[in-house]
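Here are the chains, one letter per residue:
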Amino acid sequence: MLPRGQPASPSVLLVDDNVDLLEGLQEVFEGEGWRVRTACNGRDALDVLHQGPVPDVIVLDLMMPVMAGPEFLAARRGVEQLRAIPVVVVSAAAEELGVAVRSDVHAVLLKPVPIPTMLKVVADAVLEPA
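Rules of the game
Residues numbered from 1 in each chain as written. Predicted model: local features only at pLDDT ≥ 70, side-chain atom pairs only at ≥ 80, totals over all residues. Heavy atoms only, no water. pLDDT = per-residue confidence, 0-100. Contact = heavy atoms within 4.5 Å. Pairing = 2+ DSSP bridges. Helix = DSSP H or I, 4+ residues; strand = E, 2+ residues; numbered from the N terminus. Right-handed = clockwise from strand over helix to strand, strands pointing away. Expected span 1.5 Å × (residues − 1). Buried < 20%, exposed > 50% of the residue type's maximum accessible area, 1.4 Å probe, protein only. Arc of directions from axis to C-beta. Polar contact = N/O pair within 3.5 Å; in protein donor to acceptor, adjacent residues only side chain to side chain.

**Comments concerning the confidence of the model for the chain**
Across the chain, the average pLDDT comes to 86, with 85% of residues at 70 or higher. Across residues 1–6, where pLDDT falls below 50, the model places 17 contacts with residues more than four positions away in sequence or in other chains.

Pasting the structure below:
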């Protein structure tokens, strides 16, 4: 389910400490034509973002070691070029996400998320203007 009207394949950064889930999502998104990069925590995600290229969207878990999702979002807010990247939070603990952080993300999805739902929400995040 590629976003329509995009000149090139959209790109996504998947951030989750569950390696099996990360690899599974990578296969799904690549199977749909997305360019995919992965990170196993927020610190690694920041490194990936600073190395470039910047993805069209970030799919972010909340509960991770080293740097959890909320800390990643706070660090992202401090870098102008990263603030414009839409973030879709996917977590079993999303109800703990504060109101201020919720306003900083495109969508919050509770695990387990059906794959068609995830693909649609992530594609919509790319299509909607910032």
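The discussion continues.
**Observations concerning the pairing of strand 2 (residues 35–39)**
Note that strand 1 (residues 11–15) and strand 2 share five bridges and pair parallel. Residue pairing for strand 2: S11 is matched across the bridge by R35. Taken together, strand 1, helix 1 (residues 19–31) and strand 2 form a β-α-β motif whose crossover is right-handed.

**Details of helix 1**
For helix 1, which comprises 13 residues, the first-to-last C-alpha distance of 18 Å matches the rise-based estimate of 18 Å (1.5 Å per residue) to within 8%. Turning to helix 1, its buried residues are L22, L25 and F29. One side of helix 1 carries all its buried residues, which in axial view fall inside an arc of 70°. In helix 1, the exposed positions that point more than 90 degrees away from the buried face belong to D20, E27 and G31. Buried residues belonging to helix 1 abut strand 1, strand 2 and helix 6 (115–127). Capping of helix 1 at its N-terminal end is provided by N18; its side-chain oxygen lies 3.1 Å from the backbone amide nitrogen of D20. Of the residues trailing helix 1, G33 is marked for its positive phi of about 95°.

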